[in-house]
Amino acid sequence: MAKPTARTADKHRLYEMSVQDPTEEIRFLRRVYRDVFGSEPKVLREDFCGTAAVCCRWVRISPEHRALGIDLDAEVLEWARAHNLPSAGRAAPRVRLHRGNVLSPPRARAHVVTAMNFSYFTFKERPILLSYFRKVRRTLHAKGLFFLDIYGGPEAQIPQIEELVHPGFSYLWDQDAYNPITGDYRCFIHFRFTDGNGIRKAFRYDWRLWSLPEVRDLLREAGFEEIRVYWEGTSADGEGNGVFRPALRPVNDPAWIAYIVAGPRVRSPARGA
Ligand SMILES: C[S@@+](CC[C@H](N)C(=O)[O-])C[C@H]1O[C@@H](n2cnc3c(N)ncnc32)[C@H](O)[C@@H]1O
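Being a predicted model, the structure only gives us computed values, none of them experimental.

Caption draft 1: View of the environment of R109. Checked against the element boundaries, R109 lands in the loop between β3 (95-99) and β4 (110-115). Considered as a pair, R109 and R138 are 29 residues apart in the sequence and their alpha carbons are 8.2 Å apart. For R109, the contacting residues outside a window of four places in its chain are V43, R138, T139, L140 and H141. Looking at R109, its side chain comes within polar contact range of the main-chain oxygen of R138, at 3.0 Å.

Okay, structure coming up:
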(Lines give C-alpha, C1' and ligand atoms only; values in the text may rest on other atoms or scores of the structure.)
Protein backbone atom coordinates (compact mmCIF):
# COMPACT_ATOMS: atom_id res chain seq x y z
CA MET A 1 0.00 0.00 0.00
CA ALA A 2 1.28 3.52 -0.81
CA LYS A 3 2.15 5.55 2.27
CA PRO A 4 -1.07 7.13 3.51
CA THR A 5 -1.31 10.89 3.90
CA ALA A 6 -4.06 13.05 5.36
CA ARG A 7 -5.27 13.65 1.78
CA THR A 8 -5.25 10.04 0.55
CA ALA A 9 -5.89 7.99 3.67
CA ASP A 10 -9.13 6.12 4.25
CA LYS A 11 -9.98 6.10 7.95
CA HIS A 12 -12.03 2.91 7.68
CA ARG A 13 -9.15 0.99 6.10
CA LEU A 14 -6.71 2.36 8.69
CA TYR A 15 -9.13 1.28 11.43
CA GLU A 16 -9.30 -2.26 10.04
CA MET A 17 -5.52 -2.47 9.73
CA SER A 18 -5.10 -1.28 13.31
CA VAL A 19 -7.67 -3.18 15.32
CA GLN A 20 -9.11 -6.05 13.28
CA ASP A 21 -7.88 -9.43 12.12
CA PRO A 22 -10.93 -11.21 10.65
CA THR A 23 -9.00 -14.38 9.78
CA GLU A 24 -7.77 -14.85 13.35
CA GLU A 25 -11.13 -13.88 14.80
CA ILE A 26 -12.96 -16.40 12.64
CA ARG A 27 -10.42 -19.11 13.49
CA PHE A 28 -11.17 -18.48 17.17
CA LEU A 29 -14.98 -18.48 16.68
CA ARG A 30 -14.90 -21.76 14.76
CA ARG A 31 -12.48 -23.46 17.15
CA VAL A 32 -14.60 -22.63 20.20
CA TYR A 33 -17.87 -23.52 18.44
CA ARG A 34 -16.53 -26.87 17.30
CA ASP A 35 -15.22 -27.60 20.80
CA VAL A 36 -18.62 -26.86 22.32
CA PHE A 37 -20.99 -28.42 19.76
CA GLY A 38 -18.76 -30.71 17.70
CA SER A 39 -20.04 -29.18 14.46
CA GLU A 40 -19.33 -26.30 12.11
CA PRO A 41 -21.16 -22.96 12.59
CA LYS A 42 -22.67 -21.74 9.33
CA VAL A 43 -24.66 -18.61 10.13
CA LEU A 44 -22.86 -15.61 11.61
CA ARG A 45 -24.37 -12.35 12.79
CA GLU A 46 -21.88 -9.54 13.24
CA ASP A 47 -23.50 -6.93 15.50
CA PHE A 48 -22.04 -3.38 15.31
CA CYS A 49 -20.47 -4.64 12.07
CA GLY A 50 -19.00 -1.35 10.84
CA THR A 51 -17.14 -2.23 7.63
CA ALA A 52 -18.41 -5.86 7.87
CA ALA A 53 -14.89 -7.22 7.49
CA VAL A 54 -15.76 -10.38 9.41
CA CYS A 55 -18.98 -11.05 7.43
CA CYS A 56 -17.12 -10.70 4.14
CA ARG A 57 -14.43 -13.15 5.27
CA TRP A 58 -16.90 -15.62 6.84
CA VAL A 59 -18.88 -16.35 3.68
CA ARG A 60 -15.71 -17.40 1.86
CA ILE A 61 -15.36 -20.47 4.13
CA SER A 62 -17.88 -22.54 2.16
CA PRO A 63 -21.00 -22.14 -0.01
CA GLU A 64 -23.08 -22.95 3.10
CA HIS A 65 -21.76 -20.06 5.17
CA ARG A 66 -23.97 -16.99 5.47
CA ALA A 67 -23.50 -13.71 7.31
CA LEU A 68 -25.63 -10.84 8.49
CA GLY A 69 -24.04 -7.54 9.55
CA ILE A 70 -25.96 -4.94 11.54
CA ASP A 71 -24.94 -1.33 11.99
CA LEU A 72 -26.75 1.94 12.65
CA ASP A 73 -24.53 3.97 10.37
CA ALA A 74 -25.54 4.08 6.68
CA GLU A 75 -22.20 5.62 5.69
CA VAL A 76 -20.07 2.78 7.06
CA LEU A 77 -22.37 0.17 5.49
CA GLU A 78 -22.04 1.92 2.14
CA TRP A 79 -18.27 1.79 2.60
CA ALA A 80 -18.55 -1.95 3.35
CA ARG A 81 -20.55 -2.53 0.16
CA ALA A 82 -18.07 -0.60 -1.95
CA HIS A 83 -14.79 -1.81 -0.43
CA ASN A 84 -15.23 -5.13 1.38
CA LEU A 85 -18.10 -6.93 -0.30
CA PRO A 86 -16.19 -7.30 -3.61
CA SER A 87 -13.48 -9.22 -1.71
CA ALA A 88 -16.07 -11.95 -1.04
CA GLY A 89 -16.33 -12.58 -4.80
CA ARG A 90 -19.03 -15.13 -5.69
CA ALA A 91 -19.86 -15.47 -2.00
CA ALA A 92 -20.91 -11.80 -1.74
CA PRO A 93 -24.66 -12.52 -2.17
CA ARG A 94 -24.48 -14.56 1.06
CA VAL A 95 -23.63 -11.40 3.03
CA ARG A 96 -26.62 -9.34 4.10
CA LEU A 97 -26.02 -5.88 5.51
CA HIS A 98 -28.82 -4.50 7.63
CA ARG A 99 -29.01 -0.88 8.65
CA GLY A 100 -30.58 -0.86 12.08
CA ASN A 101 -30.20 -0.99 15.83
CA VAL A 102 -28.86 -4.19 17.37
CA LEU A 103 -31.59 -3.71 19.99
CA SER A 104 -34.10 -4.68 17.25
CA PRO A 105 -32.30 -7.45 15.38
CA PRO A 106 -33.88 -9.40 12.49
CA ARG A 107 -35.45 -12.66 13.71
CA ALA A 108 -33.23 -14.99 11.68
CA ARG A 109 -31.35 -17.31 14.01
CA ALA A 110 -27.57 -17.40 14.02
CA HIS A 111 -25.07 -20.02 15.15
CA VAL A 112 -22.66 -17.28 16.14
CA VAL A 113 -23.36 -13.68 17.16
CA THR A 114 -20.42 -11.36 17.72
CA ALA A 115 -20.13 -7.96 19.41
CA MET A 116 -16.47 -7.07 19.03
CA ASN A 117 -14.11 -4.24 19.75
CA PHE A 118 -16.12 -3.46 22.88
CA SER A 119 -18.97 -2.00 20.81
CA TYR A 120 -21.63 -2.92 23.38
CA PHE A 121 -19.98 -0.44 25.78
CA THR A 122 -22.19 2.05 23.91
CA PHE A 123 -25.09 0.86 26.10
CA LYS A 124 -24.50 2.75 29.33
CA GLU A 125 -27.56 1.72 31.29
CA ARG A 126 -27.95 -1.69 32.86
CA PRO A 127 -31.54 -2.33 31.63
CA ILE A 128 -30.50 -1.53 28.06
CA LEU A 129 -27.44 -3.77 28.06
CA LEU A 130 -29.60 -6.51 29.63
CA SER A 131 -32.22 -6.05 26.94
CA TYR A 132 -29.53 -6.31 24.24
CA PHE A 133 -28.19 -9.56 25.73
CA ARG A 134 -31.73 -10.98 25.96
CA LYS A 135 -32.35 -10.20 22.31
CA VAL A 136 -29.10 -11.88 21.31
CA ARG A 137 -30.10 -14.99 23.24
CA ARG A 138 -33.55 -15.12 21.63
CA THR A 139 -32.07 -14.84 18.14
CA LEU A 140 -29.41 -17.50 18.68
CA HIS A 141 -29.86 -20.98 17.25
CA ALA A 142 -30.37 -23.68 19.94
CA LYS A 143 -26.76 -24.58 19.18
CA GLY A 144 -25.55 -21.01 19.24
CA LEU A 145 -22.82 -18.97 20.91
CA PHE A 146 -22.48 -15.28 21.63
CA PHE A 147 -18.93 -13.87 21.47
CA LEU A 148 -17.98 -10.52 23.02
CA ASP A 149 -14.65 -9.00 23.81
CA ILE A 150 -13.85 -6.87 26.81
CA TYR A 151 -10.90 -4.99 28.16
CA GLY A 152 -10.01 -3.74 31.59
CA GLY A 153 -7.45 -3.56 34.34
CA PRO A 154 -6.42 -0.42 36.26
CA GLU A 155 -4.69 1.11 33.22
CA ALA A 156 -7.96 1.13 31.28
CA GLN A 157 -9.24 3.83 33.65
CA ILE A 158 -6.25 6.14 33.27
CA PRO A 159 -6.35 8.96 30.72
CA GLN A 160 -3.49 8.15 28.37
CA ILE A 161 -2.62 7.71 24.71
CA GLU A 162 -1.20 4.45 23.43
CA GLU A 163 0.62 4.55 20.09
CA LEU A 164 1.02 1.53 17.82
CA VAL A 165 3.29 1.98 14.83
CA HIS A 166 2.26 0.37 11.52
CA PRO A 167 4.03 0.62 8.18
CA GLY A 168 3.41 4.22 7.03
CA PHE A 169 1.22 5.34 9.91
CA SER A 170 0.62 5.26 13.65
CA TYR A 171 -2.60 4.30 15.38
CA LEU A 172 -3.27 6.23 18.58
CA TRP A 173 -5.75 4.96 21.15
CA ASP A 174 -6.71 7.94 23.29
CA GLN A 175 -8.38 7.18 26.63
CA ASP A 176 -9.50 10.76 27.04
CA ALA A 177 -11.73 10.76 30.13
CA TYR A 178 -13.09 8.31 32.69
CA ASN A 179 -15.68 9.06 35.37
CA PRO A 180 -15.23 6.62 38.28
CA ILE A 181 -18.74 7.29 39.58
CA THR A 182 -20.73 6.60 36.40
CA GLY A 183 -18.14 4.58 34.46
CA ASP A 184 -18.57 7.05 31.56
CA TYR A 185 -15.61 6.64 29.29
CA ARG A 186 -14.65 8.83 26.32
CA CYS A 187 -12.07 7.57 23.86
CA PHE A 188 -10.78 8.59 20.44
CA ILE A 189 -8.80 6.98 17.67
CA HIS A 190 -6.32 9.26 15.88
CA PHE A 191 -3.98 8.40 13.01
CA ARG A 192 -0.61 9.99 12.36
CA PHE A 193 1.31 9.69 9.12
CA THR A 194 5.04 9.70 8.41
CA ASP A 195 4.78 13.18 6.81
CA GLY A 196 3.80 14.54 10.24
CA ASN A 197 0.12 15.09 9.36
CA GLY A 198 -2.72 12.93 10.56
CA ILE A 199 -6.43 12.49 11.19
CA ARG A 200 -7.32 13.66 14.69
CA LYS A 201 -10.46 12.20 16.24
CA ALA A 202 -11.06 9.86 13.30
CA PHE A 203 -13.37 7.91 15.62
CA ARG A 204 -15.00 8.92 18.89
CA TYR A 205 -16.51 6.57 21.47
CA ASP A 206 -18.83 7.59 24.30
CA TRP A 207 -18.95 4.45 26.32
CA ARG A 208 -19.38 3.04 29.77
CA LEU A 209 -16.39 1.00 30.90
CA TRP A 210 -18.21 -2.13 32.06
CA SER A 211 -16.36 -4.55 34.33
CA LEU A 212 -16.10 -8.24 33.52
CA PRO A 213 -18.13 -9.35 36.57
CA GLU A 214 -20.91 -6.91 35.61
CA VAL A 215 -21.04 -8.28 32.07
CA ARG A 216 -21.04 -11.88 33.29
CA ASP A 217 -23.88 -11.16 35.72
CA LEU A 218 -25.93 -9.53 32.97
CA LEU A 219 -25.36 -12.41 30.57
CA ARG A 220 -26.52 -14.86 33.22
CA GLU A 221 -29.56 -12.69 33.95
CA ALA A 222 -30.31 -12.64 30.22
CA GLY A 223 -30.57 -16.45 30.30
CA PHE A 224 -27.16 -17.61 29.11
CA GLU A 225 -26.38 -20.77 31.05
CA GLU A 226 -22.70 -21.22 30.31
CA ILE A 227 -20.36 -18.23 30.29
CA ARG A 228 -16.68 -18.77 29.67
CA VAL A 229 -13.88 -16.25 29.73
CA TYR A 230 -10.95 -16.75 27.37
CA TRP A 231 -7.87 -14.93 28.63
CA GLU A 232 -4.95 -13.88 26.46
CA GLY A 233 -1.59 -15.59 27.05
CA THR A 234 1.62 -13.65 27.52
CA SER A 235 4.77 -13.78 25.40
CA ALA A 236 8.33 -13.61 26.75
CA ASP A 237 8.36 -9.78 26.59
CA GLY A 238 5.28 -9.64 28.82
CA GLU A 239 2.96 -8.50 26.00
CA GLY A 240 -0.23 -10.33 24.96
CA ASN A 241 0.48 -13.16 22.49
CA GLY A 242 -2.94 -13.27 20.79
CA VAL A 243 -3.67 -16.80 22.07
CA PHE A 244 -6.87 -16.99 24.10
CA ARG A 245 -7.57 -19.93 26.43
CA PRO A 246 -10.39 -20.57 28.91
CA ALA A 247 -9.42 -19.24 32.33
CA LEU A 248 -10.79 -19.14 35.85
CA ARG A 249 -7.87 -17.49 37.69
CA PRO A 250 -5.98 -15.45 35.09
CA VAL A 251 -2.88 -13.31 35.58
CA ASN A 252 -4.15 -9.95 36.82
CA ASP A 253 -2.45 -7.67 34.31
CA PRO A 254 -2.67 -3.87 34.59
CA ALA A 255 -4.32 -3.91 31.16
CA TRP A 256 -5.93 -6.95 29.61
CA ILE A 257 -8.21 -8.06 26.79
CA ALA A 258 -10.45 -11.12 27.00
CA TYR A 259 -13.20 -12.85 25.05
CA ILE A 260 -16.45 -13.83 26.72
CA VAL A 261 -18.35 -16.74 25.18
CA ALA A 262 -21.96 -17.25 26.28
CA GLY A 263 -24.32 -20.04 25.30
CA PRO A 264 -26.52 -22.90 26.50
CA ARG A 265 -25.33 -25.60 28.88
CA VAL A 266 -24.00 -28.44 26.74
CA ARG A 267 -23.40 -31.96 28.07
CA SER A 268 -21.89 -33.54 24.99
CA PRO A 269 -20.01 -33.63 22.71
CA ALA A 270 -18.16 -30.82 24.49
CA ARG A 271 -14.51 -31.64 24.82
CA GLY A 272 -13.74 -28.89 27.31
CA ALA A 273 -13.10 -25.91 25.03
C1 LIG B 1 -16.25 0.16 17.38
S2 LIG B 1 -17.14 0.04 15.83
C3 LIG B 1 -17.02 -1.71 15.61
C4 LIG B 1 -16.61 -2.12 14.23
C5 LIG B 1 -16.26 -3.59 14.07
N6 LIG B 1 -17.38 -4.47 14.33
C7 LIG B 1 -15.08 -4.03 14.92
O8 LIG B 1 -15.15 -5.10 15.55
O9 LIG B 1 -14.08 -3.36 14.94
C10 LIG B 1 -18.77 0.30 16.44
C11 LIG B 1 -19.87 0.32 15.37
O12 LIG B 1 -21.11 0.14 16.06
C13 LIG B 1 -22.11 0.92 15.42
N14 LIG B 1 -23.21 1.09 16.41
C15 LIG B 1 -23.21 1.82 17.55
N16 LIG B 1 -24.36 1.67 18.21
C17 LIG B 1 -25.11 0.78 17.50
C18 LIG B 1 -26.39 0.19 17.68
N19 LIG B 1 -27.15 0.47 18.76
N20 LIG B 1 -26.86 -0.69 16.75
C21 LIG B 1 -26.11 -0.97 15.66
N22 LIG B 1 -24.86 -0.45 15.44
C23 LIG B 1 -24.38 0.41 16.34
C24 LIG B 1 -21.39 2.17 14.97
O25 LIG B 1 -22.07 2.80 13.90
C26 LIG B 1 -20.01 1.61 14.58
O27 LIG B 1 -19.95 1.33 13.21
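Caption draft 2: How the structure looks around the sheet that holds strand β10 (residues 226-234). Ordered in space as β3-β2-β1-β4-β5-β12-β10-β11, the eight strands form an open sheet in which the pairing is mixed. The open sheet has two free edges, formed respectively by β3 and β11 (240-246), since each of these has just one partner strand. Averaged over all adjacent pairs, the angle separating strand axes in this sheet is 20 degrees, with direction ignored. Pairing between strand β1 (residues 43-47) and strand β2 (residues 66-71): five bridges, direction parallel. By the bridge assignment for β2, D47 is matched with I70. Packed onto the sheet, helix α4 (residues 74-84) meets β2 and β3 and runs at close to 165 degrees relative to β3.

Caption draft 3: Geometry of the domain arrangement of the protein. As far as domains go, the protein holds domain 1 (11-154 + 208-263) and domain 2 (157-207). On a C-alpha basis, the centroid separation for the pair domain 1 and domain 2 is 22 Å. Taken together, the 18 residues of domain 1 in the interface contact 22 residues of domain 2. In total, domain 1 and domain 2 occlude about 1,600 Å² of area from one another, counting both sides; carbon and sulfur atoms represent 66% of this. The three residues of domain 1 that bury the most area against domain 2 are K11, L14 and L209, which together make up 31% of that side's buried surface. Residue D184 is joined to K124 by a salt bridge in which the shortest nitrogen-to-oxygen separation is 3.6 Å. Taken together, domain 1 and domain 2 are joined by five residue pairs in polar contact (both at pLDDT 80 or more). Of the residues forming the side of domain 1 that touches domain 2, the biggest block, seven residues, is contributed by helix α1 (residues 11-19).

Caption draft 4: Expanded view of the site of the ligand. Residues in close proximity to the ligand total 17 residues, the closest being Y15, F48, D71, N101 and N117. Between a nitrogen atom of the ligand and a side-chain N or O atom of N101, the distance comes to 2.9 Å. With respect to the ligand, the backbone of V102 contributes an N or O atom lying 3.0 Å from a nitrogen atom. Protein burial of the ligand: of its 610 Å² of free accessible surface, 86% is covered by the chains.

Caption draft 5: Molecular detail of the state of the cysteines. Applying the stated criterion across every chain yields a total of zero disulfides. With no disulfide of its own, C56 lies 6.3 Å from the sulfur of C55, the closest cysteine sulfur. By relative accessible area, C56 is classed as buried at 3%.

What counts, and at which threshold
Residues numbered from 1 in each chain as written. Predicted model: local features only at pLDDT ≥ 70, side-chain atom pairs only at ≥ 80, totals over all residues. Heavy atoms only, no water. Helix = DSSP H or I, 4+ residues; strand = E, 2+ residues; numbered from the N terminus. Contact = heavy atoms within 4.5 Å. Polar contact = N/O pair within 3.5 Å; in protein donor to acceptor, adjacent residues only side chain to side chain. Pairing = 2+ DSSP bridges. Axes fitted to C-alpha atoms, helices over the stretch in contact; angles between N-to-C directions. Domains from an automatic or database assignment. Buried area = accessible area lost by both parts, 1.4 Å probe. Salt bridge = Lys/Arg side-chain N within 4 Å of Asp/Glu carboxyl O. Near = heavy atom within 4 Å. Areas by Shrake-Rupley, 256 points an atom, 1.4 Å probe, with all protein chains shown as cover. Disulfide = S-S within 2.5 Å. Buried < 20%, exposed > 50% of the residue type's maximum accessible area, 1.4 Å probe, protein only.

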